[in-house]
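# Inside the fold
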Amino acid sequence: MAMQPTDYQGAVPVDGYGPGFFRVAGQVLNGPVLVTADGAQSWAGLDDPAPLMALAGAADVLFIGLGAQVAAPPRDLIAALEQAGVMAETMTTPAAARTYNVTLSEGRRVACALIPV
């Protein structure tokens, strides 16, 4: 079976990741990142909720990758995001990156906030 390239229709997927870094649209970013269909930016992590809250109206779902292991996210952050209209799903970082890419390829309004593995 021939593999078909995924068409992201101009949106920006996560190309790859490794210990402490992410590659998005050919750019390597060290540390936590926030990725949307428009691009990626460095992010200070869970102690920096402002960029996540700014997704209200731009993203319906935010996949939060919490590193190599699933951990409990800050409940107040999840509640604030949901109050703003952004559904947050927490999982491991590899799962969040994959889920973001698949959902993005479906044309949905998604973002991901990733903590390095």
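Quick notes on the rules
Residues numbered from 1 in each chain as written. Predicted model: local features only at pLDDT ≥ 70, side-chain atom pairs only at ≥ 80, totals over all residues. Heavy atoms only, no water. Helix = DSSP H or I, 4+ residues; strand = E, 2+ residues; numbered from the N terminus. Contact = heavy atoms within 4.5 Å. Areas by Shrake-Rupley, 256 points an atom, 1.4 Å probe, with all protein chains shown as cover. Lys, Arg positive; Asp, Glu negative; His and termini not counted. Charge placed at Lys NZ, Arg CZ, Asp CG, Glu CD. Buried < 20%, exposed > 50% of the residue type's maximum accessible area, 1.4 Å probe, protein only. Arc of directions from axis to C-beta. Expected span 1.5 Å × (residues − 1). Pairing = 2+ DSSP bridges. Axes fitted to C-alpha atoms, helices over the stretch in contact; angles between N-to-C directions.

## What to know about the overall build of the chain
Of regular secondary structure, the chain possesses three helices and eight strands. Of the regular secondary structure in the chain, the N- to C-terminal order runs β-β-β-β-β-α-β-α-β-α-β. Along the three orthogonal principal directions, the C-alpha set of the chain runs to about 45 × 30 × 25 Å. Taking all contacts inside the chain whose residues are at least 6 apart in sequence as the whole, residues at least 24 apart take part in 65%. A total accessible area of about 6,200 Å² is found for the chain, and carbon and sulfur atoms account for 53% of it. Averaging the positions of the 5 positive and the 10 negative side-chain charges in the chain gives two centres separated by 5 Å.

## Quick notes on helix α2 (residues 75-83)
For an α-helix, 3.6 residues make a turn, and residues three or four places apart therefore share a direction. Taken residue by residue, α2 has Leu77, Ile78 and Leu81 as its buried positions. Buried residues along α2 cover an arc of 95° about the axis, so they all sit on one side. The exposed residues of α2 that point more than 90 degrees off its buried face are Arg75, Asp76 and Gln83. Buried positions along α2 lie against α1 (50-53), β6 (61-65) and β7 (87-91). Downstream of α2 by a residue or two, Gly85 has a phi angle that is positive, lying close to 95°.

## Remarks on helix α3 (residues 93-105)
In this model α3 runs 18 Å from its N-terminal to its C-terminal C-alpha over 13 residues, within 8% of the 18 Å that 1.5 Å per residue would give. Every buried residue belonging to α3 is among Thr93, Pro94, Ala95, Ala96, Ala97, Tyr100, Asn101, Thr103 and Leu104, and all of these are buried. Looking at the buried positions of α3, the neighbouring elements they touch are β1 (14-18), β2 (21-24), β4 (33-36), β6, β7 and β8 (110-114). Positive backbone phi, at 85°, marks Gly107, one or two positions downstream of α3.

## Focus on unusual backbone geometry
With a phi angle near 55°, Ala25 is a residue other than glycine that sits in the positive phi range. Mapped onto the fold, Ala25 is located in the loop between β2 and β3 (27-30).

## Some thoughts on the environment of Val110
Tracing the chain through its elements places Val110 in strand β8. Sequence spacing of Val110 and Gly10 is 100 residues, and the spatial spacing of their C-alpha atoms is 14 Å. Apart from residues lying up to four places away in sequence, Val110 is in contact with Thr36, Ala37, Ala59, Val61, Phe63, Tyr100, Thr103 and Leu104.

## A closer look at the environment of Glu106
Its location among the elements puts Glu106 in the loop between α3 and β8. For the pair Glu106 and Gln9, spaced 97 residues apart in sequence, the C-alpha separation works out to 9.5 Å.

## Thoughts on the sheet that holds β1
The strand order β1-β2-β3 describes an open sheet built from three strands, whose pairing is antiparallel. In this open sheet, the two edge strands, each paired with only one partner strand, are β1 and β3. Neighbour-to-neighbour, the strand axes of this sheet turn through a mean angle of 20°, independent of strand direction. Packing against the sheet, α3 makes contact with β1 and β2, and its axis sits at approximately 175° to β1.

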